[in-house]
Amino acid sequence: MSRKYKFLNNEGLYFVSFATVNWVDVFIRPVYCDLIVESLIYCKQKLGLELYCWCIMTSHLHLIIRAKNNDPATLLGRFKEYTSKNLVKSIYENSQESRREWMLDMFRKEGKKRSNVTTNQFWQHDNRPIELWSQDVLEQKVDYTHNNPVKAGLVLEPWHWKYSSAIDYSGGKGLIDLDL
């Protein structure tokens, strides 16, 4: 994690965003988005993740989270470590992936730049956690998260984006049970 951005209140509710290295558009394929969804569900069930809002964009994620064990940095680190390994493996094994060699080369090159990485660097290091200290700030971040696919021109309405919790906030049922 970056030295600049820290989780200062381990019991707090946080908005976090993190992106792939070089903002590579990995999440344009459902297979990779589904891996993120499965990992978030696992973290909720086994690692104490409380998930209040989420959205997978083409190159980055937005989450509103809290850690039941009061250690959000470690929880997010474990999530990023697991997903980076499994996403790189999935890309490597996907013979239908037209950008496979290019993406793997990007991850390898970024990994060589890091002293703490042995092979590939998938995620950028920083998480940019923002503690949500008031209802107004929370609502602003929920709106920002859910409207991200609309602003990117991917859908016309937030609840149309499959890989988001917007449907849950609109009376429907999304892919992940939320801690509302």
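Not measured: the values here are computed from a predicted model.

## A word on the packing of helix α1 (residues 30-46) against helix α2 (residues 72-93)
Now for step 1: Where α1 meets α2, the closest approach of the two axes is 10 Å, and the angle between their N-to-C directions is 150°. By the criterion of interaxial angle, the relationship of α1 to α2 is roughly antiparallel. The handedness of the crossing between α1 and α2 is right-handed. In this structure, α1 contributes Val31, Tyr32, Leu35, Ile36, Ser39, Leu40 and Cys43 to the contact, and α2 contributes Phe79, Tyr82, Thr83, Asn86, Leu87, Ser90 and Ile91.
Now for step 2: For the contact of α1 with α2, the class distribution of residues is 10 nonpolar, four polar and no charged.

## Description of α2
Now for step 1: Taking 1.5 Å as the rise per residue, α2 with 22 residues should run 32 Å; its terminal C-alpha atoms sit 31 Å apart, in good agreement.
Now for step 2: Every buried residue belonging to α2 is among Pro72, Leu75, Leu76, Phe79, Lys80, Thr83, Ser84, Leu87, Val88, Ser90 and Ile91, and all of these are buried.

## Section: α1
Now for step 1: End to end, α1 covers 24 Å across 17 residues, agreeing with the expected 24 Å (1.5 Å per residue, within 8%).
Now for step 2: Every buried residue belonging to α1 is among Tyr32, Cys33, Leu35, Ile36, Val37, Ser39, Leu40, Cys43 and Lys44, and all of these are buried.
Now for step 3: At its buried positions, α1 is contacted by β2 (49-56), β3 (60-67) and α2.
Now for step 4: Positioned one or two residues after α1, Gly48 has a phi angle of 85°, which is positive.

Rules used in this analysis
- Residues numbered from 1 in each chain as written.
- Predicted model: local features only at pLDDT ≥ 70, side-chain atom pairs only at ≥ 80, totals over all residues.
- Heavy atoms only, no water.
- Axes fitted to C-alpha atoms, helices over the stretch in contact; angles between N-to-C directions.
- Helix = DSSP H or I, 4+ residues; strand = E, 2+ residues; numbered from the N terminus.
- Parallel < 35°, antiparallel > 145°, perpendicular 65-115°, else oblique.
- Left-handed = near helix turned anticlockwise from the far one by under 90°.
- Contact = heavy atoms within 4.5 Å.
- Nonpolar A, V, L, I, M, F, W, Y, C, P; charged D, E, K, R; others polar.
- Expected span 1.5 Å × (residues − 1).
- Buried < 20%, exposed > 50% of the residue type's maximum accessible area, 1.4 Å probe, protein only.

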